[in-house]
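# Architecture and fold: a report
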Amino acid sequence: MDFTLSAMDITVILGSLLLVVGVGLWASRKQGRTARDYFLASGKLPWWIIGAAFVSTSVSSEQIVGTIGQAYQHGMGIANWEWWLLPVYSVLIIIFIPIYLRNKISTVPELLSRRFNSACGDIYSYIMLFAYIFVFLVPVLYGGSLTFASLTGWNFHYILWGMIALVAAYTVKGGLMSVVWTDALQCLMLIGGGLLLFFVSLHQVPGGWHAMAEANPERFHLYCPPDHEVAPFLGVLAGTIGLFVFYSAANQVMVQRVLGARSRWDGIMGIIFAGFINFVRPLVTCFLGFIVYHWIHEMHQAEPLETVDQAFAFSLRYLAPEWGLRGIVLAGFIAAVMSTVSALANSTATIFSLDVYKKLIRPDASERAVVSVGRMTSLSALLIAGAVAPQVARFGGIFMYFQQGITFIATPIITVILAGIFSRRVNASGALAGLIAGIITTVVLLGLLIAGVKMPIHWLYVGFFQQVLVLAVIVGATLMTPAPAAEVAEPFFWRPAILTEHVRAEPPRPWYARALLWYALFAAIWFYLYWKFW
């Protein structure tokens, strides 16, 4: 479903891309020469950069197209993927950020290596290096380029390699500092353009939001029954401590922004700020589907869509005016793709350089050598993913299965980390046994998917039962082997006193800058939204 772009639209798109690259190159000048400078932005990131980058990195082209389409088909229950923030962010704020920053952790594999042993860290490194390039980076590049090409009529390969060149221009040179500064700008472009399209589209519905809710009240509830095919609320609860916490708190791509915080307060406030931004994110990535549904099925202004994934393109073609809004929205769309691509490339470089090259290949490598390897790894990841991306059209099913497989491997990883944080008794043998059990169950589940065996229950429930099994293996292996040394487990053991450490360690702040105040406000809004739309 394509449409014509005006000269204004094209000018907006090209101007936005040049602005992003310009900001990335400018930010690279602020970077120092050490590995900490390149991979963690010298530990100088302020809260607002962290929050904006956290949001921008978590949105991809498939998510925009997919969630708008799913909202068109299923209603507000899909918004749980965007709004289920408080439980997940609370775990990150209360448990993980204090543990990460008090131990000066640079990567998630480092946490696993120091708390358990190097084998546990190596397993995470190898799995995520493969996943970041072939399971995440390849489909993001392919999906983003294909969608943009189908919307605009531009050549797929030109879009693909043009985007890789633009991302490489600032990501390879500037490291995390360039990535997060461009992420912040891309967050503004994505949210700003998306909100404009939403409200312009809503204005074309007589009666607006109220009319849509009255016409189909059953579609405007966050709660979906346990047997819902896409977003069962019980499944959301079951996946909270597994997949959702992993994605926000133990996924290197996401937590690298927090690890570069200039203080614990900035890390915590950055996540709270991300939470506030995410309150409006469904208007960009979800609720537009409601308008398209009402426009077609209640106002009868067009024929029903052939596939639900056409909802985003439909809104641009029929609901966006021609004064440049299409260009603004598409600039935000391509910004979401570039943000995800740059984050994946940078985190791939971080893990390989610090947890493979520096640790296993050349332990005596200088800071300059590690940074050079990081730059080569970042560029190599982009080039490999770019070369493989067109093959998704031929082997798309395989990529889909691997994406689901990574979903299942996330559960044992987060289970092992949480066990090590909440128990001094859990040892390296238990952690390694849990990870191996997780890999075995993932291979079995992946084999069933490839064989065409349909899961009798939602995949979130499958992940929950897998987590219970892995936890049982961890406990059993731990009890059969000696306890770890106190100096190994104690630094990573969580206790309530850790929450106040940053207060004692940092200068006092005025009442309006206290993290607890903003967290309470964030929680109050979250509870109101779930009460309002339950």
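Residues numbered from 1 in each chain as written. Predicted model: local features only at pLDDT ≥ 70, side-chain atom pairs only at ≥ 80, totals over all residues. Heavy atoms only, no water.

### Observations regarding the overall build of the chain
If you tally the helices and strands in the chain, you get 23 helices and zero strands. On C-alpha atoms alone, the chain measures out to a radius of gyration of 23 Å, which is about the 24 Å that the 2.2 N^0.38 rule sets for 534 residues. Overall, the chain is about 70 × 55 × 50 Å in size when its C-alpha atoms are taken along their principal axes. In the chain, buried positions account for 60% of the 534 residues. Of the accessible surface of the chain, which amounts to about 21000 Å², a share of 68% is contributed by carbon and sulfur atoms. When the 31 basic and 25 acidic side-chain charges of the chain are each reduced to a single mean position, those positions are 14 Å apart. (Helix = DSSP H or I, 4+ residues; strand = E, 2+ residues; numbered from the N terminus. Rg over C-alpha atoms; globule rule 2.2 N^0.38 Å. Buried < 20%, exposed > 50% of the residue type's maximum accessible area, 1.4 Å probe, protein only. Areas by Shrake-Rupley, 256 points an atom, 1.4 Å probe, with all protein chains shown as cover. Lys, Arg positive; Asp, Glu negative; His and termini not counted. Charge placed at Lys NZ, Arg CZ, Asp CG, Glu CD.)

### Describing the pattern of salt bridges
Enumeration according to the criterion identifies eight salt bridges in this entry. Among the salt bridges present, the one from Arg257 reaches Asp183, with a minimum N-O distance of 3.2 Å. Residue Arg257 is found in helix 12 (residues 252-259), and its partner Asp183 is found in helix 9 (residues 156-203); the two are separated by 74 residues along the sequence. Residue classification places Arg257 among the buried residues on the basis of a relative accessible area of 0%. Counted as one network, the salt bridges with shared partners bring together Arg424, Glu490 and Arg495. (Salt bridge = Lys/Arg side-chain N within 4 Å of Asp/Glu carboxyl O.)

### Observations regarding a nonpolar patch on the surface
Residues Ile436, Ile440, Val444, Leu448 and Val453 make up a contiguous nonpolar surface patch of roughly 400 Å² in combined accessible area. Looking at where Val453 falls in the secondary structure, it is placed in the loop between helix 19 (428-450) and helix 20 (459-479). Residue Val453 is classed as partly exposed on the basis of its relative accessible area, which comes to 43%. (Patch = residues over 30% accessible without salt bridge, like charges linked within 9 Å, V, L, I, M, F, W, Y side chains within 5 Å.)

### Focus on the environment of Tyr124
Following the sequence through the fold, Tyr124 ends up in helix 8 (residues 118-152). On a C-alpha basis, the gap between Tyr124 and Ala385 in space is 20 Å, while along the polypeptide they are 261 residues apart. When near neighbours in sequence (up to four residues on either side) are disregarded, Tyr124 contacts Val108, Pro109, Leu112, Tyr132, Phe246, Ala250, Asn251, Gln252, Ile351 and Ile413. (Contact = heavy atoms within 4.5 Å.)

### A closer look at helix 11 (residues 233-250)
The largest bend along helix 11 measures about 70° and falls at Thr240. Most of helix 11 sits inside the fold, with 14 of its 18 residues counted as buried. (Bend = angle between axes of the 7 residues up to and from the residue.)

### Quick look at the packing of aromatic side chains
One pass over the structure, following the stated rule, counts 41 aromatic pairs. Relative to Phe290, the ring of Phe287 lies with its centre 5.0 Å away and its plane at 25°, an arrangement referred to as stacked. Three or more aromatic residues link up through ring pairs in this structure, and these residues are Phe54, Tyr89, Phe276, Phe279, Trp518, Tyr519 and Phe522. A cation sits over an aromatic face here: Arg424 above Phe493, 3.8 Å from the ring centre. Over the face of the ring belonging to Trp265 we find Arg509, whose NZ or CZ atom lies 3.9 Å from the ring centre. (Phe/Tyr/Trp six-rings, centres within 6.5 Å; stacked < 30°, edge-to-face > 60°. Lys NZ or Arg CZ within 6 Å of the ring centre and 35° of its normal.)

### Focus: unusual backbone geometry
One non-glycine residue, Lys104, lies in the positive phi region at around 50°. Mapped onto the secondary structure, Lys104 falls in the loop between helix 6 (86-102) and helix 7 (108-115). Lys104 gets classed as exposed once you look at its relative accessible area, which sits at 66%. Despite not being glycine, His300 shows a phi value in the positive range, around 55°. Tracing the backbone through its elements, the reader meets His300 in the loop between helix 14 (288-298) and helix 15 (311-318).

### Concerning empty space enclosed by the protein
All chains considered together, the criterion is met by four cavities of 30 Å³ or more. In this structure, the largest cavity encloses a volume near 90 Å³. Ile64, Gly194, Val284, Phe312 and Val329 are, among the 14 residues lining the largest cavity, the residues nearest its centre. For the lining of the largest cavity, the secondary-structure elements that each account for two or more residues are helix 4 (61-74), helix 9, helix 13 (264-285) and helix 16 (325-361). Of all the elements, helix 9 adds the most residues to the lining of the largest cavity, at five residues. When its residues are assigned to classes, the lining of the largest cavity shows eleven nonpolar, three polar and no charged. In this structure, the second largest cavity occupies an estimated 60 Å³ of space. Considering the residues around the second largest cavity, the lining is formed by Ala238, Gly239, Gly242, Leu243, Thr407, Phe408, Thr411, Trp459, Leu460, Gly463, Phe464 and Gln467. Sorting the residues of the lining of the second largest cavity by element identifies helix 11, helix 18 (392-422) and helix 20 as the ones contributing at least two each. Counting residues per element, the lining of the second largest cavity draws most heavily on helix 20, at five residues. (1 Å grid on protein atoms, 1.4 Å probe; cavity = no way out; pocket = protein on both sides within 12 Å on 5 of 7 lines; lining within 4 Å. Points joined across faces, edges and corners; volume = space filled by probe spheres on them. Nonpolar A, V, L, I, M, F, W, Y, C, P; charged D, E, K, R; others polar.)

### Quick notes on helix 3 (residues 47-57)
Extensive coverage of helix 3 is indicated by the burial of nine of its eleven residues. Within the sequence span of helix 3, burial applies to Ile49, Ile50, Gly51, Ala52, Ala53, Phe54, Val55, Ser56 and Thr57. As for helix 3, its buried residues are in contact with helix 6, helix 9, helix 11, helix 12, helix 13 and helix 16.

### With respect to the packing of helix 11 against helix 20
One can describe the packing of helix 11 onto helix 20 by two numbers: an axis separation of 8 Å at closest approach and a directional angle of 50°. As the angle between them shows, helix 11 and helix 20 are arranged oblique. Classified by chirality, the crossing of helix 20 by helix 11 is left-handed. Of the residues in helix 20, those touching helix 11 at Leu234, Gly235, Val236, Ala238, Gly239, Ile241, Gly242, Leu243 and Phe244 are Trp459, Leu460, Tyr461, Phe464 and Gln467. (Axes fitted to C-alpha atoms, helices over the stretch in contact; angles between N-to-C directions. Parallel < 35°, antiparallel > 145°, perpendicular 65-115°, else oblique. Left-handed = near helix turned anticlockwise from the far one by under 90°.)

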